[in-house]
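Summary of the model geometry
Here's the letter readout for the chains.
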Amino acid sequence: VQLQASGGGLVQAGGSLRLVCAASGRTFSNWARAWFRQAPGEEREFVAGIGWPGAATSYADFVRGRFSISRDDAENTVALQMSSLKPEDTAVYYCAADVDLRTLREATTSRSRYWGQGTLVTVSS
């Protein structure tokens, strides 16, 4: 099972990026999906998540209104559309999957969690 994140890069403040996480090896259509990030010297933090069924979403306060998470279960992907980027959004972004959205958001550890490798987002001022 593999989660492959892509779409990171260098962007100026105020710009946009779209991250995509593609899953392989199993289907995650009945799993919650999420994005986390980790800045240098900081702990990994929850950014946005999307549940199932019904695709309920949850966002960290620092991205609400600027980022949007979506899922395509036919393609086994989850995307994070990031707009109005700020230098403080600079981090390595990780995708994850777990049994439900609450577990993704609230549990720092989970035996059922899958993690993808990170993709670096750098926002210049």
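Just so you know, these numbers come straight off a predicted model, no measurement behind them.

Calculation rules
Residues numbered from 1 in each chain as written. Predicted model: local features only at pLDDT ≥ 70, side-chain atom pairs only at ≥ 80, totals over all residues. Heavy atoms only, no water. Helix = DSSP H or I, 4+ residues; strand = E, 2+ residues; numbered from the N terminus. Polar contact = N/O pair within 3.5 Å; in protein donor to acceptor, adjacent residues only side chain to side chain. Contact = heavy atoms within 4.5 Å. Buried < 20%, exposed > 50% of the residue type's maximum accessible area, 1.4 Å probe, protein only. Pairing = 2+ DSSP bridges. Phe/Tyr/Trp six-rings, centres within 6.5 Å; stacked < 30°, edge-to-face > 60°. Lys NZ or Arg CZ within 6 Å of the ring centre and 35° of its normal.

Side note on the side chain of R71
- Inspection of the secondary structure puts R71 in strand 7 (residues 67-72).
- A distance of 2.9 Å separates a polar atom in the side chain of R71 from the backbone oxygen of W31.
- Polar side-chain contacts of R71 include one of 3.0 Å to the backbone oxygen of G51.
- Those residues in contact with R71 that lie beyond four places of it in its chain are F28, S29, W31, A32, R33, I50, G51, W52, T77 and V78.

Considering the pairing of strand 3 (residues 17-24)
- Of the two faces of strand 3, only one is covered, namely that formed by L17, L19, C21 and A23; the face formed by R18, V20, A22 and S24 stays uncovered.
- Of the strand pairs in this sheet, strand 1 (residues 2-6) and strand 3 are connected by 5 bridges, and their pairing is antiparallel. Note on strand 3: the bridge partner recorded for L3 is A23.
- Bridge analysis of strand 3 against strand 8 (residues 77-82) gives 6 bridges, and the strand direction is antiparallel. Looking across to strand 8, one finds that V20 is bridged to A79.

Considerations on the packing of aromatic side chains
- Here the structure, examined in full by the defined rule, presents 5 aromatic pairs.
- Ring centres 5.6 Å apart and planes at 85° place the aromatic pair F36 and F46 in the edge-to-face group. Of the two residues, F36 sits in strand 4 (residues 32-38) while F46 sits in strand 5 (residues 45-50), which places them 10 residues apart along the sequence.
- The interplanar angle of 65° and the centroid separation of 4.9 Å between the aromatic rings of F36 and W115 together place this pair among those described as edge-to-face. You can see F36 sitting in strand 4 and its partner W115 sitting in strand 10 (residues 114-115), a full 79 residues away along the chain.
- A relative accessible area of 35% places W115 in the partly exposed class.
- Across from the ring centre of F28, 5.2 Å away, lies the NZ or CZ of R26, which sits over that ring.
- The aromatic ring of W115 is capped on one face by R44, whose charged end is 4.3 Å from the ring centroid.

Everything listed is a geometric property; what it means functionally is a separate question.
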